Amino acid sequence: MTAVHTAPAAGGRSAARRAEISDRGRAERRLGLMLSAPAVIVMLVVTAYPLVNAVYLSLFSYRITAPEDRRFVGLANYGTALSDPLFWQDVLTTFVITFVTVAVELVIGFALAMVMHRAIFARRTVRTAILLPYGIVTVISAFAWKYAFDLQSGFVNSWFGLGDHAWFSGRWSSLFVIILSEIWKTTPFVSLLLLAGLAQVPGDLGEAATVDGATAWQRLRRVTIPNMKAAILVAVLFRTLDAWRIFDNVFVMTSGQQKTETLSFLTYRQTITRTAIGLGDAVGVLLFLSVVLIAVVFIKGFRVDLAQARGERGGGGK
């Protein structure tokens, strides 16, 4: 009889514990909504009207220099943009810049994060030196790299014995400088996010793997990286979205010449230079939709449970 009464009691405690965890989760969710609500409301006020207005104006053939000639054309501006080879050339250029910069920054950023994480002497100095480029304004950084590679004022050719090589006279050499400047400027941001992920990896897991005879590469691949998936997702997602909207470096270095124009620069050129508000807003809306698509693909592709990464789940058996 004792065993008969003990089992239901244990089951009741388990059910009560699950209910307690569920109530705590709901309370935290409500608290999170209350804390984030003011910021969400402000963001909606700031961004909702411009976005809705851009969608509205993209349905018109409208030049700011001739407001009286505005006429409704429906989705014609979107058809014009999507059928223009220049749009897809800019998509390719944007993709190349994004893919190369994010891939290189992830590798170098992880290495720098390991250095900052394992630094014993002068830790603050090491971290400050690594993070310093990210504190420089993007436009200033772009001008510095432009002058460094410029044929007249640059020092790169003389340092490396390249003669009179004109870096900004060709598409791929121009993209190389743009990508290099972007990597130098934003790799510290990636390393900072990955450093936060490294700090969340339990040290006893690495020690247990070492005792079991795992090599450094095996510990990195099977212990460190799997426990950093949330930090890697945040770093890759943020940098991909940022690189996909690159504008400053292109504007300063090439002004979109030599087939270096990106989607953001195309939006600027159609809206500001050509004053084609309708067509420019259509390109801008397409850029916004592509950003949303990238975010959805990354979040679904990584399949990271952020709650589990924070340790809020999986503790029911303890």
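- Looking at an unreviewed UniProt entry, the chain carries the name Sugar ABC transporter permease, with the source organism given as Actinomadura napierensis.
- Its UniProt record, at the heading Sequence similarities (unreviewed entry), says of the chain: "Belongs to the binding-protein-dependent transport system permease family."
- Taken from UniProt, the Subcellular location (unreviewed entry) comment for the chain reads in full: "Cell membrane".

### Description of the side chain of Thr186
For step 1, the next point in the chain: Position of Thr186 relative to the elements: it lies in helix 7 (residues 171-199).
For step 2, the next point in the chain: Given the relative accessible area of 5%, Thr186 is considered buried.
For step 3, the next point in the chain: Within the structure, Thr186 has its side chain in polar contact with the side chain of Glu105 (distance 2.6 Å).
For step 4, the next point in the chain: Sequence-distant contacts of Thr186, that is, excluding residues within four places in its chain, are made with Glu105, Tyr134 and Arg239.

### Examining the packing of aromatic side chains
For step 1, the next point in the chain: For the structure on display, the rule yields 17 aromatic pairs.
For step 2, the next point in the chain: Grouped by ring-pair contacts, the aromatic residues Trp145, Phe149, Trp167, Phe176 and Trp184 constitute a single cluster.
For step 3, the next point in the chain: Residue placement shows Arg70 over the ring face of Tyr62; its charged tip is 5.3 Å from the ring centre.
For step 4, the next point in the chain: The ring of Trp172 has Arg171 sitting right over it, with the charged end atom 4.9 Å from the ring centre.

### Quick word on the packing of helix 3 (residues 85-118) against helix 4 (residues 123-131)
For step 1, the next point in the chain: Close contact between helix 3 and helix 4 brings their axes to 9 Å; oriented N to C, the two are set at 160°. Compared by their axis directions, helix 3 and helix 4 come out roughly antiparallel. Seen along the crossing, helix 3 lies across helix 4 with a hand that is left-handed. Facing Leu112, Val115, Met116 and His117 of helix 3, the residues of helix 4 in contact are Arg123, Val126, Arg127 and Ile130.

### Looking at the confidence of the model for the chain
For step 1, the next point in the chain: The pLDDT averaged across the chain works out to 83; a share of 88% of its residues lies at or above 70.
For step 2, the next point in the chain: For the stretch residues 1-10, pLDDT sits under 50, and the model shows zero contacts to residues farther than four places along the chain or on other chains.
For step 3, the next point in the chain: Counted against residues more than four places away or in other chains, residues 308-318, with its pLDDT under 50, gives eleven contacts.

Conventions adopted
Residues numbered from 1 in each chain as written. Predicted model: local features only at pLDDT ≥ 70, side-chain atom pairs only at ≥ 80, totals over all residues. Heavy atoms only, no water. UniProt positions renumbered as here; feature names shortened; annotations may be inferred. Helix = DSSP H or I, 4+ residues; strand = E, 2+ residues; numbered from the N terminus. Buried < 20%, exposed > 50% of the residue type's maximum accessible area, 1.4 Å probe, protein only. Polar contact = N/O pair within 3.5 Å; in protein donor to acceptor, adjacent residues only side chain to side chain. Contact = heavy atoms within 4.5 Å. Phe/Tyr/Trp six-rings, centres within 6.5 Å; stacked < 30°, edge-to-face > 60°. Lys NZ or Arg CZ within 6 Å of the ring centre and 35° of its normal. Axes fitted to C-alpha atoms, helices over the stretch in contact; angles between N-to-C directions. Parallel < 35°, antiparallel > 145°, perpendicular 65-115°, else oblique. Left-handed = near helix turned anticlockwise from the far one by under 90°. pLDDT = per-residue confidence, 0-100.

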